[in-house]
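Spelled out from the first residue to the last, the chains are:
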Amino acid sequence: MDEEEWFRRHGLHPADLGPVRELLAELGEQGWEADTLLMRLCCVQLFNAGHLDDVLRIWDAKESSFDAHCSIDVQLLCGAGLAETKAYLAAHPSMEAADALEWLQGCEETGDFEGFSVTGRSAMYADYYRD
């Protein structure tokens, strides 16, 4: 299944996130052979849901290959909000969370989050996928 087909079936706000999480995990395991556009769409869907327990799923997908890292925007980690995501990652005991927090803070320092809002970013993705 490609990005277009997945979008037609599930849209940007799927009622059931289970299949999104499963597909993202499967794609992440494919490494550099994964369809990064489809991965990005899954991350947008999870971003729109805004669950903190998806932050590390998105991070895993982002880190699964160089292409995925470039394709999956760092802002997609922050569907629950920037401050909330940083607090979640800071409290999480894993090294993975520490790495994600360090990357997130570095991106914040370089201006990647200037003017960031969850609703604004969600609207940007809606415009992108409608076109």
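The structure we're discussing is the one just above.
Bear in mind that the values here come from a model prediction, so they are computed numbers and not experimental data. (Residues numbered from 1 in each chain as written. Predicted model: local features only at pLDDT ≥ 70, side-chain atom pairs only at ≥ 80, totals over all residues. Heavy atoms only, no water.)

Let's talk about the overall build of the chain
Consideration 1: From N to C terminus, the chain includes eight helices and zero strands.
Consideration 2: Each helix and strand of the chain, ordered N terminal to C terminal, gives the series α-α-α-α-α-α-α-α.
Consideration 3: In terms of overall dimensions, the chain is globule-like: its C-alpha atoms have a radius of gyration of 14 Å, near the 14 Å expected for 131 residues.
Consideration 4: Looking at the chain residue by residue over its 131 residues, the buried ones come to 44%.
Consideration 5: Of all intrachain contacts in the chain linking residues separated by at least 6 positions in sequence, the fraction that spans at least 24 positions is 70%.
Consideration 6: Surface exposure of the chain reaches about 6,900 Å², of which carbon and sulfur atoms provide 51%.
Consideration 7: Looking at the chain, you have 9 positive and 26 negative side-chain charges, and the mean spots of the two groups are 6 Å apart. (Helix = DSSP H or I, 4+ residues; strand = E, 2+ residues; numbered from the N terminus. Rg over C-alpha atoms; globule rule 2.2 N^0.38 Å. Buried < 20%, exposed > 50% of the residue type's maximum accessible area, 1.4 Å probe, protein only. Contact = heavy atoms within 4.5 Å. Areas by Shrake-Rupley, 256 points an atom, 1.4 Å probe, with all protein chains shown as cover. Lys, Arg positive; Asp, Glu negative; His and termini not counted. Charge placed at Lys NZ, Arg CZ, Asp CG, Glu CD.)

Things to note about helix H2 (residues 18–29)
Consideration 1: Taking 1.5 Å of rise per residue, the twelve residues of H2 would be expected to cover 16 Å, and the 17 Å separating its terminal C-alpha atoms lies within 8% of that figure.
Consideration 2: For H2, the secondary structure elements touched by its buried residues are helix H1 (3–10), helix H3 (36–49) and helix H4 (55–62).
Consideration 3: Phi for Gly31, located one or two positions after H2, is positive at around 60°. (Expected span 1.5 Å × (residues − 1).)

Looking at the state of the cysteines
Consideration 1: Summed over all chains, the structure comprises zero disulfides.
Consideration 2: Sulfur of Cys43: no disulfide; nearest cysteine sulfur belongs to Cys42 and is 6.9 Å away.
Consideration 3: On the basis of relative accessible area, Cys43 is assigned to the buried category, the value being 0%. (Disulfide = S-S within 2.5 Å.)

Some details on helix H8 (residues 118–130)
Consideration 1: Relative to the 18 Å expected for 13 residues at 1.5 Å per residue, H8 spans 18 Å between its end C-alpha atoms, a close match to the ideal helical length.
Consideration 2: Among all positions in H8, only Arg121, Ser122, Tyr125, Ala126 and Tyr129 are buried. Taken down its axis, H8 places every buried residue within 145° of arc, on the same side. With respect to the buried face of H8, the exposed residues turned more than 90 degrees away are Thr119 and Arg130.
Consideration 3: Against the buried residues of H8 lie H1 and H3. (Arc of directions from axis to C-beta.)

Section: the nonpolar core
Consideration 1: Core analysis: the largest hydrophobic core is formed by 39 residues, its most contacted members being Met39, Ile72, Leu76, Leu77, Leu89, Leu104 and Phe113.
Consideration 2: Secondary structure elements with two or more residues in this core: H2, H3, H4, helix H6 (82–91), helix H7 (95–109) and H8.
Consideration 3: The element contributing the most residues to this core is H3, with eight residues.
Consideration 4: In this structure Met39 touches Leu24, Leu27, Gly28, Ala34, Ala61, Ser64, Ala68 and Ile72, once residues within four positions along its chain are discounted. (Core = buried A, V, L, I, M, F, W, Y, C linked by side-chain atoms within 4.5 Å.)

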